[in-house]
Amino acid sequence: MTLSVRAEFQQDERIIFTARDRSMVNVRRATSDDGPIGFTSMELLMIGFGNCTLGILMGQDAMKSVPLGRVTAEITAEMQPEPPRIATLDAQIRIETSEPDALSMKLADIQAAVCRCPACNSLNADKQIRISIIGVPALGSEPTTVIEGEPVACALPA
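Conventions used here
- Think of each chain on its own: its residues are numbered from 1, step by step along the sequence as written.
- At least 70 in pLDDT is required for a residue's local features to be given in this predicted model, at least 80 for side-chain atom pairs to be given and counted, and no such filter applies to totals for whole chains, interfaces and linings, which use all residues.
- Note that the side-chain values use all heavy atoms of the structure and ignore hydrogens as well as water.
- What counts as a helix is a DSSP run of H or I of at least four residues, what counts as a strand is a run of E of at least two, and both are numbered from the N terminus.
- Residue burial is assigned from relative accessible area. The probe radius is 1.4 Å, only protein chains are included, and a residue is buried under 20% of its type maximum, exposed over 50%, and partly exposed in between.
- Here the accessible surface of atoms and residues is derived via Shrake-Rupley with a 1.4 Å probe, and residues count as covered only by protein chains that are part of the display.
- Any pair of nitrogen or oxygen atoms within 3.5 Å is treated as a polar contact; in protein, a donor-acceptor pairing is required on top of that, and neighbouring residues in sequence qualify only through side-chain atoms on both sides.
- Any two residues whose heavy atoms approach within 4.5 Å at even a single point are treated as in contact.
- Working definition: the arc comes from the directions between the helix axis and the C-beta atoms, pointing outward to the latter.
- One requirement defines pairing of two strands: DSSP has to find at least two bridges between them.
- Every axis in this analysis is a line fitted to C-alpha atoms, fitted for helices over the stretch in contact. Angles between the N-to-C directions lie between 0 and 180 degrees.
- Of the two site types, the cavity is a set of points on a 1 Å grid over the protein atoms alone where a 1.4 Å probe fits but cannot get out, and the pocket is an open set with protein on both sides within 12 Å along at least five of seven lines, each lined by residues with an atom within 4 Å of a point.
- Grid points are joined across faces, edges and corners, and a volume is the space filled by probe spheres set on the points.
- Under the convention adopted here, Pro, Cys and the residues Ala, Val, Leu, Ile, Met, Phe, Trp and Tyr are nonpolar, Asp, Glu, Lys and Arg are charged, and Gly plus all remaining residues are polar.

**Focus on the overall build of the protein**
Per the secondary structure count, the protein includes five helices and eleven strands. When burial is assessed residue by residue, the protein has 15% of its 158 residues classed as buried. Of the roughly 12,300 Å² of accessible surface on the protein, 54% is carried by carbon and sulfur atoms.

Now the structure itself:
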């Protein structure tokens, strides 16, 4: 199965993401000391991880048999400076329930299932990432030569 997301940079500050005909706008303009108005790239990665983790968690049969209140995840990451990346990712999931003992008995199975979410698997696994940069003529402009680079395999610096 192939997944596809389109990201389009607009107006020097916005990125519109589209997947399956659904769109989201992220604003990259900085207005204060805490960064851009929208999410940083690492925050978007953590949001995807949180979405996957909670989705897998709530789909477990063990969760359906326990009365639940709020279910929240606090996700934190420690950054590594060189090369810049997330070094560690921690998720604390809090589940409100009137039957904590019933949940406790199923905890090992629930944790094992959550650790198998596709986002967690993807972040944990060795992966191959390729980036191609293609320059194309603007709509309505004179025909020009298209510049197309070969895909470059991304690797961590040695």
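What follows picks up the thread again.
**Comments concerning unusual backbone geometry**
Look at the link from E82 to P83: it is a cis peptide, with omega at -10°. You can see P83 is positioned in the loop between strand 6 (68-80) and strand 7 (85-97). Of note in the backbone geometry, D12 takes a positive phi value of approximately 60° without being a glycine. Turning to its location among the elements, D12 is positioned in the loop between strand 1 (6-10) and strand 2 (14-19). Assessed through its relative accessible area of 71%, D12 is described here as exposed.

**Details of the side chain of N26**
Its place among the elements puts N26 in strand 3 (residues 22-27). Judged by its relative accessible area of 3%, N26 falls in the buried class. There is a polar contact of 2.7 Å between the side chain of N26 and the backbone nitrogen of F39. Ignoring any residue separated from it by four or fewer positions in sequence, one finds N26 in contact with E13, R14, I15, F17, G38, F39 and L44.

**Considering helix 4 (residues 107-114)**
Burial in helix 4 covers these residues: I110, A113 and V114. Axial view of helix 4: buried residues confined to an arc of 95°, hence all on one face. Packed against the buried residues of helix 4 are helix 1 (41-58), helix 2 (61-64), strand 7 and helix 3 (100-105).

**Some thoughts on the sheet that holds strand 3**
An order of 1-2-3 is seen for the three strands of this open sheet, with the pairing classed as antiparallel. If you trace the sheet from one side to the other, it starts and ends with strand 1 and strand 3, each paired once. The mean inter-strand angle of the sheet, taken between neighbouring strand axes irrespective of direction, is 20°. Here strand 1 runs beside strand 2; their pairing, made up of five bridges, is antiparallel. Looking at the pairing, A7 lines up with F17 of strand 2.

**Let's talk about the layout of surface pockets**
Here the largest pocket defines a volume of roughly 1,500 Å³. Mapped onto the lining of the largest pocket, the elements with two or more residues apiece are helix 1, strand 7, helix 4, helix 5 (118-124) and strand 8 (129-131). The element that contributes the greatest number of residues to the lining of the largest pocket is strand 7, accounting for ten residues. Considering only residue class, the lining of the largest pocket consists of 28 nonpolar, eight polar and five charged. Put simply, the second largest pocket is a space of about 740 Å³. Elements with a minimum of two residues in the lining of the second largest pocket: strand 2, strand 3 and helix 1. Among the elements that take part in the lining of the second largest pocket, helix 1 stands out by supplying four residues, more than any other.

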